[in-house]
Amino acid sequence: MIIKASPESISRAANHIRDGRLVAFPTETVYGLGANALDPKAVAGIFAMKQRPSFDPLIVHICRLDQLWELVTSRDERIIRLARHFWPGPLTLVLPKSQLVPDIVTSGLPDVAIRMPANDTALQLIEAAGVPLAAPSANRFGRLSPTRAQHVEKQLPDLEIILDGGSCSIGLESSVVRLEPDGFRILRHGAVTSPMLTEIIPPSKLTTSLTLSDASPGLMLSHYSPETKLYILGQHPIPNDTSKAAYIGLTPSEIKGYHSVRFLSENGNLEEAAGNLFFFLHELEDKWLDFIVVEAVPETGLGIAIMDRLRKAAYRFHHSTNE
Ligand code: AMP
Ligand code: MG
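Predicted model only: the values in this text are computed from it and were never measured.

About the cut-offs
- Residues numbered from 1 in each chain as written.
- Chains lettered and ligands numbered in written order.
- Predicted model: local features only at pLDDT ≥ 70, side-chain atom pairs only at ≥ 80, totals over all residues.
- Heavy atoms only, no water.
- Axes fitted to C-alpha atoms, helices over the stretch in contact; angles between N-to-C directions.
- Helix = DSSP H or I, 4+ residues; strand = E, 2+ residues; numbered from the N terminus.
- Parallel < 35°, antiparallel > 145°, perpendicular 65-115°, else oblique.
- Left-handed = near helix turned anticlockwise from the far one by under 90°.
- Contact = heavy atoms within 4.5 Å.
- Nonpolar A, V, L, I, M, F, W, Y, C, P; charged D, E, K, R; others polar.
- 1 Å grid on protein atoms, 1.4 Å probe; cavity = no way out; pocket = protein on both sides within 12 Å on 5 of 7 lines; lining within 4 Å.
- Points joined across faces, edges and corners; volume = space filled by probe spheres on them.
- Salt bridge = Lys/Arg side-chain N within 4 Å of Asp/Glu carboxyl O.
- Buried < 20%, exposed > 50% of the residue type's maximum accessible area, 1.4 Å probe, protein only.
- Phe/Tyr/Trp six-rings, centres within 6.5 Å; stacked < 30°, edge-to-face > 60°.
- Lys NZ or Arg CZ within 6 Å of the ring centre and 35° of its normal.
- Pairing = 2+ DSSP bridges.

1. Topic: the packing of helix 9 (residues 270-285) against helix 10 (residues 302-318)
- In the contact formed by helix 9 and helix 10, the axes pass within 9 Å of each other and the chain directions differ by 20°. In terms of their interaxial angle, helix 9 and helix 10 are classed as roughly parallel. Helix-helix and strand crossings are classified by hand; for helix 9 and helix 10 the assignment is left-handed. Residues L270, E271, A273, A274, L277 and F278 of helix 9 form the contact with helix 10, whose own contacting residues are L302, G303, I306, R309 and L310.
- Its residues assigned to classes, the contact of helix 9 with helix 10 shows 8 nonpolar, 1 polar and 2 charged.

2. Overview of the layout of surface pockets
- Put simply, the largest pocket is a space of about 580 Å³.
- Contributing to the lining of the largest pocket are 42 residues, with R52, P57, I59, V176 and R188 lying nearest its centre.
- With 4 residues, strand 6 (residues 111-115) is the single largest residue contributor to the lining of the largest pocket.
- Residue classes in the lining of the largest pocket are distributed as 19 nonpolar, 14 polar and 9 charged.

3. Let's talk about the pattern of salt bridges
- In total, this model carries 21 salt bridges according to the counting rule given.
- A salt bridge links E28 to R115; the nearest nitrogen and oxygen atoms lie 2.8 Å apart. Of the two residues, E28 sits in the loop between strand 2 (23-25) and strand 3 (32-36) while R115 sits in strand 6, which places them 87 residues apart along the sequence. Of the two residues, E28 and R115, neither departs from the other in class, the shared state being buried.
- D56 serves as the salt-bridge partner of R52, at 3.1 Å between the closest nitrogen and oxygen. Residues R52 and D56 agree in their burial class; the two are buried.
- It is possible to trace a salt-bridge network through shared partners that takes in E173, D308, R309 and K312.

4. Observations regarding the packing of aromatic side chains
- Evaluation of the coordinates by the stated rule reveals 4 aromatic pairs.
- For the pair Y231 and F291, a centre-to-centre distance of 5.2 Å together with 70° between the ring planes defines the contact as edge-to-face. Of this pair, Y231 sits in strand 12 (residues 229-232) while F291 sits in strand 15 (residues 291-294), placing them 60 residues apart in sequence.
- Judged by relative accessible area, F291 falls into the buried class, the value being 5%.
- The interplanar angle of 65° and the centroid separation of 5.2 Å between the aromatic rings of Y247 and Y258 together place this pair among those described as edge-to-face. Separated by 11 residues along the polypeptide, Y247 in strand 13 (residues 245-249) and Y258 in the loop between strand 13 and strand 14 (260-263) bring together distant segments of the chain.
- Look at Y247 and you get buried, because its relative accessible area is 6%.
- Residue placement shows R309 over the ring face of Y224; its charged tip is 5.3 Å from the ring centre.

5. Quick look at the pairing of strand 3
- Across the 5 residues of strand 3, 5 count as buried, placing the element largely inside the fold.
- As judged from the 3 bridges shared by strand 2 and strand 3, these two strands associate in the antiparallel manner. Each residue of the ladder has a partner; that of F25, found in strand 3, is G32.
- Where strand 2 hands over to strand 3, the hairpin turn is made up of 6 residues, counted between the paired strands.
- Pairing geometry for strand 3 and strand 7 (residues 133-134), over 2 bridges, is antiparallel.

6. Observations regarding helix 6 (residues 120-129)
- Within the span of helix 6, buried status applies to T121, A122, L123, L125, I126 and A129.
- Where helix 6 is buried, its residues meet helix 1 (7-18), strand 2, strand 4 (59-61), helix 3 (65-71), strand 7 and strand 8 (162-164).

7. Overview of unusual backbone geometry
- In this structure, the amide linkage connecting W87 to the following residue, P88, adopts the cis form with an omega of -10°.
- Residue position: P88 is located in the loop between helix 4 (77-86) and strand 5 (91-96).
- In this model, S107 sits at a positive phi of 55°, which is unusual for a non-glycine residue.
- On the basis of relative accessible area, S107 is assigned to the partly exposed category, the value being 24%.
- We note that W288 has phi near 50°; this positive angle belongs to a residue other than glycine.
- As for its position among the elements, W288 is in the loop between helix 9 and strand 15.
- Owing to a relative accessible area of 63%, W288 belongs among the exposed residues under this scheme.

Written out as structure tokens, the structure is:
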């Protein structure tokens, strides 16, 4: 059920978390499906509700820097610099886990992913619950991430509490960066881009390329996908009859022959585009059109993350082995 975020509803949701139950809550990236990260049974409920495979680890959300030191064993000073600079914010750090973190949270891996979200409702909920929250995106596994409370309700209608904090300011999942012996590696692109990271850590200490074997578990080729078939313009052949199709362009231009047309940004701003992408995909998948065509965006800055999500969203429609 959707409940507007308020001091009363946050306190009720915090009690729910302490009872081992699940709560959906807003963050600046996407809505999360949270449970007490220190309670393996509660965390198991997240995997069950999302139908998420157990090999896909969860991000642990904290509200104060001192909580970090209970969850990890490394005190590398570069971690402190990154955390001070980017938290609260859309950067997830993958670090060696302490014994306090149950194996189910990390899918048995020795590292745990941690982030402090830049959203007051999220921070107040974590504070009131008194425990870190394990929270993946509040969608069914493999489907579109929710950027509105209504998107959560559409996919997870049985949830007792969906705290409504309006639309997510970023609307794209966090950047994920892992600490490695020789520096850091970007495991997932997001709003904290490599040029932003290299303001804090030297470029020679940041690896941005990913081979499939280093890829973050859970980062499959197919992910973040709408119900409706998706085509990327210039990358997939588009069917001739577009009369029952939708078109998503980057900036306004004259597009003819489509049932619905949307533009990600008035002036090509990639932040605005990222914020609108999942919103439009949710809206258009509900119209049960034949297919959706999306323009590719320039792969610079946030455009790298946008194209990563688009390719994963389109993948299952163009590769029969993954259907
Ligand atoms: P989500 O919260 O659904 O956006 O996804 C969380 C993602 O964070 C996972 O799919 C992984 O890609 C990444 N992640 C979480 N924990 C770890 C970890 N211990 N090691 C590497 N990647 C992780
Ligand atoms: Mg997700």
